Amino acid sequence: MYLNCHTYYSLRYGTFSEIELLELAKENNVDCLALTDINNTSACLNFIRKTKEFNIKPIVGIDFRNGSKQLYVGIAKNNEGFKELNVFLSYHSEQKKLLPELAPVLENSYIIYPFEHVLQLEKNTFSENEFIGVSIEELRKLKFSKLKTYSDKLVVLQTVTVRSKKDFNAHRLLRAIDKNTLLSKLDTSEECKQSDRMFPLDDLKLAFEDFPHILENTSRILEDCHIDFSFGNERTSQNLKLYTGSFENDYKLLERLCFDNLNRRYSEPNEKVINRLKTELKAIKELDFVSFFLINYDIVSYAKSKGYFHVGRGSGANSIVAYIIGITDVDPIELDLYFERFINPFRASPPDFDIDFSWKDRDDVTEYIFRRFPHTALLATYNTFKYRAVVRELGKVFGLPKEEIDKLSKGNFSVSQLDNISKLVLRYGKLIEGFPNHLSVHSAGVLILDKPVHYYSATDLPPKGFSTVQFDMIIAEDVGIFKFDILGQRGLAKIKDALEIIKQNRPDEPPIDITNVEAFKKDKRINNLLKTGGAIGAYYVESPAMRGLMQQLQTQDYIGLVAASSIIRPGVSGSGMKDEFIKRHRFPENRKNAHPILMKIMPDTYGVMVYQEDVLKVANQFADLTLGEADVLRRGMSGKFRSRKEFEDVEQKFISNCKAKGYNNDLIFEVWNQIKSFAGYAFAKGHSASYAVESYQSLFLKCYYPLEFMTAVLNNGGGFYSVEHYLHEAKKQGASICLPCINNSDHPNRLIGNSIYLGFGYLKNLEAYTVQRLLSERQLNGYYKSLDDFIDRVVISIEQLTILIRIDAFRFTNQTKTELLWQAIFKLNANGKKSNQPKLFKIQHKEFKLPKLDNNWIENAYDEMELLGFPLCDYFHLVNVEMKNGKLASQMKDLIHKEILIYGSLVTTRFNKTSKGKLMRLSTFIDSNGDYFDAVHFNDVVDKYLINGLGVYACYGKITDRYDFYSMNVVWSKKLSIIPDPRNN
């Protein structure tokens, strides 16, 4: 009897989840109801999935509204009707058009007009599928309305939005947040009615006892509606099933691609290669994943045709088929990658292919996918209300002063001292926390479906311009929709741009084959960068933690880098197995500590679980779980399960199987706890290997073309570190860093010989139009000869010209900045307003005789800090206190366990937590020689000695040694003051 029920996916309107709606229906003896969120279908699929557990018949539809004004409710008779409703809503939401007052003709849907709206429209004709909805409250009006004569068109429309007064209050707060208004000023037209709730079914029937025909009409609609999707174990893949039009042709194409490209990957393929290839092809065919591979191949082929670089990773990187046809660049034979991690007979979902493109190329690849495949959309994700943010919103809604709002959101209060309003803010903040706030786009997921997208969901059109469904990846997988992951990253752009810069800066250099990774892996100079922590700028291996780990491991080969990429992940690290791996790697005598069975299962990692497939191996070979049960463990660790019951059942079987095999409890629970600690953080080995391939390409460029590479790093937004630190690294590699110059600089950084000219893009407050004008004019008519020449040729305000002068962009004139500033003021003011029209005759500028005006390096440094955000000189030059008795980072190895003082310029800092949950700070510095050292502020000093921004710090502490990697446990630290700007005296 309930044809209009809302959940909190009626965004900033509804007050409970789709599961709570079903619980509410069960409490009220309702065995059939319709979910009709406002202009949204996010909850529909999961609602249908969960109804079986409650023994409730599901019906779905949409409550169509313009703002808060209800126009009509659409109810899907069947799956086709759901598609009709989605198409209709999507057209208007994507086009940003208001919905029409009258619904279109929809063959497979019912349209229910609210009683009041019918009166307003003066609508008196209704098609076969159109009805008039009447609530309990409106029955009194119906008795005196001409609409009572439409006996065959009247149905129950008792809206369900709230369950209680508390829900109603939360609803009003959500509406006030949505309208950005004070609660006291919220118009009642924006609210639901307090009576918009569910009554026990008997009570509802009692209310309508004088109108039995209304109940009969409603029952007929409910009986006539049937919606069906398959979920979980019953699901089948909804992805595009056929690539060429027939399964046989698809398989022949995949097979041909493999054997045509086999010799490109393996010049002399041995029996192991051939057998692995045949085994994979057989499994891919039997599990019906052929089109999935061909679609990924198609996407990658398009990218290659455009000259785009890509990295194929995820569990699919374990596949020899993917390697041979070019989806990935990881050889599974070389790395002995576990086939069952990527595909096994118990796996219902296709393997994961995460395909990375340059952040500059990704949108074009996505656009190609939308052109190439007809039923395509992006996957959604839900942005939810976070507690601190919702407290701020509620504070504004209640009209609290900013100071009070700040206090509440930061938690700086005692509850006993709060007034009633503040307590209400906190109370409702907790209630609303976690509600969906708005829909967003999943970071990578693209859906390529067999049926039209609207068969499953309505779509929106976010700013990127690609249709996006209204559900997330969890429900997508439940219904058999498996995303294609198309990601953008900066590492590939750095590689591509570095190659372009090499061509420009070293035109005589022979062509570089950046795909020749096998040669890079064997290059001792490249591997030495890993071992010595020299990977700054290289994708994925440049962070302080990764560089420190590689120094501890003494990583100097590809296999070692693959392992390091995975053991740094929180799962391995948090279980304590990172330390154990390092010990066993560096000191072979420790390998005897491994249990013989685990050592036999994982000889390459010395009996330590490092990769996701290690969990499969251990579960299968150590605990005798089937591969299907082992895959449950893998999926359980990914955190994607809505219910952990399946995971818990496998846990019990793991333990009981191990006991039956005679293992003691200590061993069983040690291994099980290692498995649990992975908790979704471990990589598949092929995934780590894919990253390692890209890292080697970056390291090759860093090793042999360091200036070109560092310029490319800077031009692609850097990475883990700040711009000034990458400039520091470029200086170490022999670069001369030059301030922006109107004759040599571009918008990005530009390398000329060994000189990196900083780009105009770094200059704060320099307008894009100014840069565009000066670059276009320079390109058309050549270099600027003087300040006068520049003023004649470029339309520019005195404010914009001042920025260029203060950053010394006119230094080629050999005049001081102060002199140039005075000239600019006189000349621009003298010329008056400038026209964009070219001048017929060159203006003769007056020469102003000025006294000698000097500026010094300290003033220049302050100008650079203001305009660029950093000085070109290092901070050590600016310190205005004596730095006495300091040691250098290179001396730390000789001072282990001693307390020493080192002066360091801050590179990066971050908070972390100890294994006991206590706060600590990890910081990286460079000393006065430019060498790195790491310092740790543990819990006892982290609040006493703060790190306040970039600059030089005196760090006093005890030197520790972890596998030949030296760092400092800080006893105290202090930021040193710098020379003040002399212009402020």
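Just so it is clear, the model here is predicted, and its values are computed rather than measured.

For the protein, the count of helices and strands is 38 helices and 22 strands. Overall size of the protein, expressed as C-alpha extent along the three principal axes, is 100 × 85 × 65 Å. For the protein, long-range pairs separated by at least 24 residues make up 69% of all intrachain contacts whose partners lie at least 6 apart in sequence. Within the structure as shown, the protein displays about 43600 Å² of accessible surface, and the carbon and sulfur contribution to it stands at 49%. Of the side chains in the protein, 129 bear a positive and 124 a negative charge, and the two mean positions are spaced by 4 Å.

Taken N-terminus to C-terminus, the directions of helix α9 (residues 247–265) and helix α10 (residues 271–286) make an angle of 160 degrees; their axes are 11 Å apart at the nearest point. Of the possible angle classes, the one that applies to α9 and α10 is roughly antiparallel. Considering the relative orientation of α9 and α10, their crossing is right-handed. Contacts from Phe 247, Tyr 251, Leu 254, Glu 255, Cys 258, Phe 259 and Leu 262 in α9 reach Val 273, Ile 274, Leu 277, Leu 281, Ile 284 and Lys 285 in α10.

Here the focus is the sheet that holds strand β2 (residues 32–35). Across the sheet, which stays open at both edges, the seven strands sit in the order β1-β2-β3-β4-β5-β6-β7 with mixed pairing between neighbours. The open sheet terminates on both sides in strands that have one partner only, identified here as β1 (2–5) and β7 (154–156). Between one strand axis and the next, the sheet turns through 35 degrees on average, direction left out of account. Note that strand β6 (residues 130–134) and β7 share three bridges and pair parallel.

Moving on to the pairing of strand β22 (residues 965–975). Here strand β20 (residues 932–937) pairs with β22 via three bridges, running parallel. Bridged to Val 936 within β22 is Asn 969. The antiparallel hairpin formed by strand β21 (residues 952–962) and β22 contains two residues in its connecting segment, where Tyr 963 sits at a positive phi of about 55 degrees.

Here we come to the pairing of strand β5 (residues 109–114). Most of β5 is tucked away: six of the six residues are buried. Judged by which residues are buried, β5 turns out to be covered on both faces: Ser 109, Ile 111 and Tyr 113 on one side and Tyr 110, Ile 112 and Pro 114 on the other are all buried. With four bridges joining them, strand β4 (residues 69–76) and β5 adopt antiparallel strand pairing. Across the sheet, Val 73 pairs through a bridge with Ile 112, a residue of β5. Note that β5 and β6 share four bridges and pair parallel. Bridge pairing in β6 places Ile 112 opposite Phe 131.

Here the focus is the environment of Ile 796. Secondary-structure assignment places Ile 796 in the loop between α35 (787–793) and α36 (798–806). Here the alpha-carbon distance between Ile 796 and Asp 361, two residues 435 residues apart in the chain, equals 34 Å. Beyond its immediate stretch of four places on either side in the chain, Ile 796 contacts Thr 770, Phe 790, Leu 801, Leu 804 and Leu 828.

Bringing the nonpolar core into the picture now. Soluble globular proteins tend to bury their nonpolar side chains together. The biggest cluster of nonpolar side chains holds 94 residues, and the ones touching the most others in it are Leu 33, Met 198, Phe 229 and Phe 471. The next biggest cluster of nonpolar side chains, apart from the first, holds 92 residues, and it includes Phe 709, Ala 824, Leu 828 and Leu 867.

With that settled, the discussion passes to the sheet that holds strand β15 (residues 736–738). Read from one edge to the other, the open sheet built from three strands follows the order β15-β17-β16, with strand pairing classed as mixed. Each edge of the open sheet carries a strand with a single partner, namely β15 and β16 (750–752). Each strand axis lies, on average, 25 degrees off the axis of its neighbour in the sheet, ignoring direction. Direction of pairing for β16 relative to strand β17 (residues 755–757): antiparallel, over a ladder of three bridges. Bridging across to β17, Leu 751 finds its partner in Ile 756.

Right, let's talk about the environment of Ser 414 for a bit. With respect to the helices and strands, the residue Ser 414 is situated in the loop between α16 (402–410) and α17 (420–432). For Ser 414, a relative accessible area of 31% gives the class partly exposed. At a separation of 3.0 Å, a polar atom in the side chain of Ser 414 contacts the side chain of Ser 416.

Another point: the layout of surface pockets. Roughly 1400 Å³ of volume is contained in the second largest pocket. In terms of lining, the second largest pocket is formed by 40 residues, of which the most central are Ala 545, Lys 578, Arg 910, Asn 912 and Leu 922. Looking at the lining of the second largest pocket, the elements that each hand over two or more residues are α22 (544–553), α24 (570–574), α25 (577–586), β18 (899–913), β19 (919–926), β20, β21 and β22. Residue contributions to the lining of the second largest pocket peak at five residues, all from α22. Here the lining of the second largest pocket is composed, by residue class, of 16 nonpolar, 15 polar and nine charged.

Below, the discussion takes up the side chain of Asn 40. By the element assignment, Asn 40 lies in the loop between β2 and α2 (44–54). The class of Asn 40 is buried, set by a relative accessible area of 3%. At 2.6 Å, the side chain of Asn 40 and the backbone nitrogen of Ser 42 are in polar contact.

Confidence in the prediction for the protein averages 91 pLDDT; 94% of positions are at 70 or higher. At the low end of the mean pLDDT range in the protein sits α24, at 65; at the high end sits strand β3 (residues 57–66), at 98.

Aromatic ring pairs are reported here in terms of the distance separating the ring centres and the angle at which the planes meet. On inspection of all chains with the given rule, the structure shows 40 aromatic pairs. Residues Tyr 784 and Phe 790 carry aromatic rings whose centres are separated by 4.9 Å and whose planes lie at 70 degrees to one another, so their mutual orientation is edge-to-face. Across the pair, Phe 790 and Tyr 784 agree in class, each one buried. The interplanar angle of 65 degrees and the centroid separation of 5.9 Å between the aromatic rings of Phe 925 and Tyr 953 together place this pair among those described as edge-to-face. Of the two residues, Phe 925 is situated in strand β19 and Tyr 953 in strand β21; the sequence distance between them amounts to 28 residues. The pair formed by Phe 925 and Tyr 953 is uniform in burial state, with each residue classed as buried. Through a chain of ring-to-ring contacts, the aromatic side chains of Tyr 8, Tyr 9, Tyr 382 and Phe 435 assemble into a single cluster. Between the NZ or CZ atom of Arg 490 and the centre of the ring of Trp 359, over which it lies, the distance is 4.1 Å.

Moving on to helix α34 (residues 768–781). Over its 14 residues, α34 extends 20 Å from the first C-alpha to the last, a length consistent with the 20 Å expected when each residue adds 1.5 Å. For α34, the full list of buried residues reads Thr 770, Val 771, Leu 774, Leu 775, Glu 777 and Arg 778. Within α34, the buried residues cover an arc of 160 degrees as seen down the axis, which keeps them to one side. Summarising the geometry of α34, the exposed residues directed more than 90 degrees from the buried face are Ala 768, Tyr 769, Gln 779 and Leu 780. At its buried positions, α34 is contacted by β16, α35 and α36. Two residues or fewer after α34 comes Gly 782, characterised by a positive phi angle close to 90 degrees.

A grouping of Trp 822, Ile 825 and Phe 826 is seen on the molecular surface, where their side chains present a nonpolar patch of about 260 Å² in accessible area. Note on placement: Trp 822 falls in helix α37 (residues 817–831).

With that settled, consider unusual backbone geometry. Phi at Asp 288 is positive, roughly 65 degrees, even though this residue is not glycine. Its location among the elements puts Asp 288 in the loop between α10 and α11 (290–305). One non-glycine residue, Tyr 540, lies in the positive phi region at around 75 degrees. Mapped onto the elements, Tyr 540 comes out in the loop between α21 (524–531) and α22.

A separate point is the pattern of salt bridges. As enumerated under the stated definition, the model contains 49 salt bridges in all. Between Arg 962 and Asp 579 there is a salt bridge, with its nearest N and O atoms 2.8 Å apart. Of this pair, Arg 962 sits in strand β21 while Asp 579 sits in helix α25, and the two are 383 residues apart along the sequence. For Arg 962, a relative accessible area of 39% corresponds to the partly exposed category. Among the ionic pairs, Asp 624 bridges to Lys 661, the shortest N-O distance being 3.3 Å.

Take Asp 250: it is sitting in helix α9. Within the buried set, Asp 250 has no salt-bridge partner at all; the shortest N-O distance to an opposite charge, 8.8 Å, is to Arg 372.

At a minimum axis separation of 10 Å, helix α6 (residues 165–179) and helix α15 (residues 387–397) run at an interaxial angle of 90 degrees. It follows that α6 is roughly perpendicular to α15 by the angle criterion. Mapping the contact onto sequence places Leu 173, Ala 176 and Ile 177 in α6 and Glu 393, Leu 394 and Val 397 in α15. Class assignment of the residues belonging to the contact of α6 with α15 gives a composition of five nonpolar, no polar and one charged.

Cut-offs applied
- Residues numbered from 1 in each chain as written.
- Predicted model: local features only at pLDDT ≥ 70, side-chain atom pairs only at ≥ 80, totals over all residues.
- Heavy atoms only, no water.
- Helix = DSSP H or I, 4+ residues; strand = E, 2+ residues; numbered from the N terminus.
- Contact = heavy atoms within 4.5 Å.
- Areas by Shrake-Rupley, 256 points an atom, 1.4 Å probe, with all protein chains shown as cover.
- Lys, Arg positive; Asp, Glu negative; His and termini not counted.
- Charge placed at Lys NZ, Arg CZ, Asp CG, Glu CD.
- Axes fitted to C-alpha atoms, helices over the stretch in contact; angles between N-to-C directions.
- Parallel < 35°, antiparallel > 145°, perpendicular 65-115°, else oblique.
- Left-handed = near helix turned anticlockwise from the far one by under 90°.
- Pairing = 2+ DSSP bridges.
- Buried < 20%, exposed > 50% of the residue type's maximum accessible area, 1.4 Å probe, protein only.
- Core = buried A, V, L, I, M, F, W, Y, C linked by side-chain atoms within 4.5 Å.
- Polar contact = N/O pair within 3.5 Å; in protein donor to acceptor, adjacent residues only side chain to side chain.
- 1 Å grid on protein atoms, 1.4 Å probe; cavity = no way out; pocket = protein on both sides within 12 Å on 5 of 7 lines; lining within 4 Å.
- Points joined across faces, edges and corners; volume = space filled by probe spheres on them.
- Nonpolar A, V, L, I, M, F, W, Y, C, P; charged D, E, K, R; others polar.
- pLDDT = per-residue confidence, 0-100.
- Phe/Tyr/Trp six-rings, centres within 6.5 Å; stacked < 30°, edge-to-face > 60°.
- Lys NZ or Arg CZ within 6 Å of the ring centre and 35° of its normal.
- Expected span 1.5 Å × (residues − 1).
- Arc of directions from axis to C-beta.
- Patch = residues over 30% accessible without salt bridge, like charges linked within 9 Å, V, L, I, M, F, W, Y side chains within 5 Å.
- Salt bridge = Lys/Arg side-chain N within 4 Å of Asp/Glu carboxyl O.

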